[in-house]
Amino acid sequence: MFFFLAIAIGATAYAQTGFPFANEIQAFKHQDSISFPAKNGILFIGSSSIRLWDDLEKRFPNAPIVKRGVGGSELWQLVDYYTPYILFPYHPRKIFIYDGENDIAGGKSGQFVFDEFQKLFEMINKQLPDATVYYMSIKMSPSRARYFKEVAVANDLIKNYLANKPNCVFIDLNTILLKTNTSMPDSSLFRTDYLHLNSKGYDRWQQILEPYVN
């Protein structure tokens, strides 16, 4: 399948409808062909909140970070398309996942996101039974306030699902982005699109993630 993907990569419509964001997956595979990540690394995978974290590796200089964020992607696409290309081949010992926000913004429910995460978790558990999975909670982006209810549903379902399972952690990276003593996100931690985090927002994430990464 990937060879067909590479041949068809020039067609934008194909990249978005036949194999979502095929150009980004192809870029990752080209990067791998030049320098393939060592096994037992720490994989960060998901949507644009990972892709746009430009200094992720610098923030954790002693960790073998492999960053594979696909901008605009949805969790179901990770399940249906990407795992053979940018997850399983690396044999990571830790997998940090940020995905599901775009699914909800696209009209899917929190229950749908949970169902897709459950599929992904079972796939990882089968293929990489020794890996530890960290689910990074879906954030409440100010520009997507109308979806906050479904975001809470997805986060709660996934948190409860992982609560009693070995080798997995639900990480609340949402609360630290809220205004003090409120339940609303602090817009000063976001870029001007009020969707993606700025450096101060990633500072907050780093504080929480550091003990899990290191």
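All values derive from a computational prediction rather than experimental measurement. (Residues numbered from 1 in each chain as written. Predicted model: local features only at pLDDT ≥ 70, side-chain atom pairs only at ≥ 80, totals over all residues. Heavy atoms only, no water.)

A.B. asks: Mind showing me how you'd approach helix H9 (residues 148-162) here?
C.D. replies: Since the α-helix advances by 3.6 residues per turn, residues separated by three or four positions end up pointing in the same direction. Between its first and last C-alpha atoms H9 spans 21 Å; for 15 residues at 1.5 Å apiece the expected length is 21 Å, and the two agree. Buried within H9 are the following residues: Phe 148, Val 151, Ala 154, Asn 155, Ile 158, Tyr 161 and Leu 162. Along the long axis of H9, the arc covered by the buried residues comes to 160 degrees, so they all point the same way. H9 presents Lys 149 and Asn 160 as exposed residues on the side facing more than 90 degrees away from its buried surface. The inward-facing, buried residues of H9 abut helix H7 (101-105), helix H8 (110-127), strand S4 (132-136) and strand S5 (168-171). (Helix = DSSP H or I, 4+ residues; strand = E, 2+ residues; numbered from the N terminus. Expected span 1.5 Å × (residues − 1). Buried < 20%, exposed > 50% of the residue type's maximum accessible area, 1.4 Å probe, protein only. Arc of directions from axis to C-beta. Contact = heavy atoms within 4.5 Å.)

A.B. asks: Just checking my understanding: could you explain the pairing of S4 for this structure?
C.D. replies: Side chains on a regular strand alternate between the two faces of the sheet. Summarising burial for S4: five of the five residues are buried, a large majority. Of the two faces of S4, both are covered, the one formed by Thr 132, Tyr 134 and Met 136 as well as the one formed by Val 133 and Tyr 135. Bridge count for strand S3 (residues 94-98) against S4 is four bridges, and the pairing is parallel. If you follow Ile 97 over to S4, its bridge partner there is Tyr 135. Chirality of the crossover, the property in question, places the unit of S4, H9 and S5 among those that are right-handed. (Pairing = 2+ DSSP bridges. Right-handed = clockwise from strand over helix to strand, strands pointing away.)

A.B. asks: Before we go on, may I ask you to explain the sheet that holds strand S1 (residues 42-46) in this structure?
C.D. replies: Backbone-to-backbone hydrogen bonds pair the strands of a sheet. The strands run either parallel or antiparallel. Pairing within the open sheet is parallel, and its five strands lie in the order S2-S1-S3-S4-S5. On the outer flanks of this sheet lie strand S2 (65-69) and S5, each paired with one strand and no other. Strand-to-strand twist of the sheet, defined as the mean angle between neighbouring strand axes without regard to direction, takes the value 15 degrees. Taken together, the five bridges between S1 and S3 define a ladder with parallel strand orientation. (Axes fitted to C-alpha atoms, helices over the stretch in contact; angles between N-to-C directions.)

Shape descriptors only; they carry no functional weight alone.
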